[in-house]
Amino acid sequence: MSAPKKLYIKTYGCQMNVYDSERMAETLGGQGYVETKTPDDADMILLNTCHIREKAAEKVYSELGRFKGLKAEKPDLKIGVAGCVAQAEGEEIMRRQPLVDLVVGPQSYHRLPEMEAKAGAGEKVLDTDFPEEDKFEKLKRRAKAKRGPTAFLTVQEGCDKFCAFCVVPYTRGAEVSRPADRILREAEDLVERGVREITLLGQNVNAYHGAGPNGDMTLAQLIWELDKVDGLERIRFTTSHPNDMMDDLIEAHGTCAKLMPYLHLPVQAGSDKILKRMNRSHTAESYIRLIERIRAARPDILISGDFIVGFPEETEEDFQATLDLVEEVKYGTAYSFKYSTRPGTPAAERAQVDPKEADDRLQRLQALLTRQQREVQDSMVGRELGVLFEKKGRFPGQMVGKSDYLHAVHVADCDAEIGDLRRVRIVSSGANSLAGELIT
Ligand code: 5AD
Ligand code: SF4
């Protein structure tokens, strides 16, 4: 038998790319590939790229340039670019960097085996179509291989919202939901392989409307089906849009014990003028009212958000409105970014904010968010929480897991095994994590 070929995948960007990379690795496993942690001994290198912010394409070109030496030493080495930069740049990638053998957009991963075969025969292959079929059904799963206790599961992809700053509707395409039975089968398979917590993924996950036995299902209905899966202990979902926060989903946060008290609900900005120009179709006020309703259903829920500062035409007054909104909501965690122009999006054409001013606003916003984040984390001290243990800690006998609220928790002298969900009393709060002790 010949030695297995080695595959090196480097993943950039969001959790969906992490999920996609796993599935690409599994599907290429069927072609005799095993994963390697370094490009040096790889027979195929895949860069799974992200196009959401900053000079994404430039970074990919410079990364590719670094493989020149490897390719010269090993002419059979195949180099591929996947993900949203592949979708956005297409053929341009091969023109600019001739060492690239294959370019595959996010909707074509199930065609990778054929593409690999063609590349193996010396062809250059490009596939950035948006085919009709469900790629996830066609992507192979590795038979019953054991896995860690947490997993991502894509339920919905693409977006029809067209926020004026965002490339997702162009790179990932129109909003599509997977049928519920396939998701349930995948969840059951993950649980059989040791998974205890599943995070449902979608660019607009709460717009989920996949086919069910009696017509389309909402995300909350899908969550209630997953709630019935024995052995699955925790359910999370990300990322949501405020306008798709349906009543049944809000209610599920109060009534579904497996649904964790954590919600990532980006608002992007606090000024109605800017929200309108962003094409967000909600106001600061409607967002705040929504958070109130969610907190009425689940008072302890941890709210997480995304923010963009320095969006075209943002004044100091507009920025103040963002700070005011943050003060009012009180975020447990947040991601904040300086606006970066994405070619082809409506906002790219507009008058840009002075970059120094944007840097200054970002710093001020981050200082506030960091303070809030720390306050929320510190408020966990003294509480008894569920912790799902994921790995060993740095010290002998120490274990690390995640609380219901997604904080990292360290426990010393811990007899829990990886995959155990135990009750933990939180005793202290550090820079980026909590420390606790097992209750039982
Ligand atoms: N510039 C800065 N941030 C952006 N995001 C999306 N597009 C841009 C952009 N052009 C941020 C948004 C989104 C998160 C995933 O990335 O906050 O919610
Ligand atoms: Fe992008 Fe999210 Fe807006 Fe869709 S809802 S366009 S993914 S920021």
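Not measured: the values here are computed from a predicted model.

Rules behind the numbers
Residues numbered from 1 in each chain as written. Chains lettered and ligands numbered in written order. Predicted model: local features only at pLDDT ≥ 70, side-chain atom pairs only at ≥ 80, totals over all residues. Heavy atoms only, no water. Phe/Tyr/Trp six-rings, centres within 6.5 Å; stacked < 30°, edge-to-face > 60°. Buried < 20%, exposed > 50% of the residue type's maximum accessible area, 1.4 Å probe, protein only. Helix = DSSP H or I, 4+ residues; strand = E, 2+ residues; numbered from the N terminus. Disulfide = S-S within 2.5 Å. Domains from an automatic or database assignment. Contact = heavy atoms within 4.5 Å. Buried area = accessible area lost by both parts, 1.4 Å probe. Polar contact = N/O pair within 3.5 Å; in protein donor to acceptor, adjacent residues only side chain to side chain. Pairing = 2+ DSSP bridges. Near = heavy atom within 4 Å. Areas by Shrake-Rupley, 256 points an atom, 1.4 Å probe, with all protein chains shown as cover. Nonpolar A, V, L, I, M, F, W, Y, C, P; charged D, E, K, R; others polar.

Comments concerning the packing of aromatic side chains
- Using the criterion set out here, one finds four aromatic pairs in the structure.
- Judged by centre distance (5.6 Å) and plane angle (75 degrees), the rings of Phe162 and Tyr170 are edge-to-face.
- Judged by its relative accessible area of 36%, Phe162 is partly exposed.
- Take Tyr170: its relative accessible area is 37%, and that puts it in the partly exposed class.
- The interplanar angle of 75 degrees and the centroid separation of 5.4 Å between the aromatic rings of Phe311 and Tyr339 together place this pair among those described as edge-to-face. Of the two residues, Phe311 is situated in the loop between strand S15 (302–309) and helix H14 (316–329) and Tyr339 in the loop between strand S16 (333–338) and helix H15 (355–378); the sequence distance between them amounts to 28 residues.

Re the state of the cysteines
- Scanning the entire structure with this criterion turns up zero disulfides.
- With no disulfide of its own, Cys14 lies 6.2 Å from the sulfur of Cys50, the closest cysteine sulfur.
- Judged by relative accessible area, Cys14 falls into the partly exposed class, the value being 38%.

Examining the domain arrangement of the chain
- What the domain assignment reports for the chain is domain 1 (5–127), domain 2 (135–378) and domain 3 (384–438).
- Each of domain 2 and domain 3 was reduced to a C-alpha centroid, and the two centroids are 26 Å apart.
- Taken together, the contact pairs 16 residues of domain 2 with 20 residues of domain 3.
- Buried surface at the junction of domain 2 and domain 3, both sides included, amounts to about 1,400 Å², of which 57% is carbon and sulfur.
- The largest contributions to the domain 2 side of the interface with domain 3 come from Pro149, Arg234 and Gln377, which together make up 42% of the buried area.
- Linking domain 2 to domain 3 there are twelve residue pairs in polar contact (both at pLDDT 80 or more).

Overview of the pairing of strand S10 (residues 197–201)
- Most of S10 is tucked away: five of the five residues are buried.
- Residue alternation in S10 divides its side chains into two sets, Glu197, Thr199 and Leu201 and Ile198 and Leu200, and both sets are buried.
- Pairing of strand S7 (residues 150–154) with S10, which is carried by five bridges, proceeds in the parallel orientation. When the bridges of S10 are listed, Phe152 appears paired with Thr199.
- Where S10 and strand S13 (residues 234–238) come together, five bridges link them in parallel fashion. Directly across from Leu200, in S13, lies its bridge partner Phe237.

Side note on the environment of Leu7
- Mapping Leu7 onto the fold places it in strand S1 (residues 5–11).
- The spacing of Leu7 and Thr38 is 31 residues in sequence and 8.9 Å in space, taken between C-alpha atoms.
- Filtering out sequence-adjacent residues up to four positions away, Leu7 remains in contact with Ala25, Leu28, Tyr33, Val34, Glu35, Thr36, Met44 and Leu46.

Description of the site of ligand 1
- The full set of residues close to ligand 1 is Ile52, Arg53, Phe165, Gln268, Asp306, Ile308, Phe337, Lys338, Tyr339, Ser340 and Arg342.
- The separation between a nitrogen atom of ligand 1 and a polar main-chain atom of Phe165 is 3.0 Å.
- Starting from 400 Å² of accessible surface for ligand 1 in isolation, the protein chains cover 88%.
- Of all the secondary structure elements, the ones that give two or more residues to the shell around ligand 1 are S15 and S16.
- Within the shell around ligand 1, the residues separate by chemical class into five nonpolar, two polar and four charged.

Topic: the site of ligand 2
- All residues adjacent to ligand 2 are Cys159, Lys161, Phe162, Cys163, Phe165, Cys166, Val168, Pro169, His241 and Arg280.
- Partitioned by chemical class, the residues of the shell around ligand 2 number seven nonpolar, one polar and two charged.

Describing unusual backbone geometry
- For the peptide bond that leads from Thr238 to Thr239, omega is 5 degrees, which places it in the cis range.
- If you trace the backbone, Thr239 turns up in the loop between S13 and helix H11 (247–255).
- Positive phi values are uncommon outside glycine, yet Ser281 reaches one of about 50 degrees.
- You can see Ser281 is positioned in the loop between helix H12 (272–277) and helix H13 (284–297).
- For Asp413, which is not a glycine, the phi torsion comes out positive at approximately 45 degrees.

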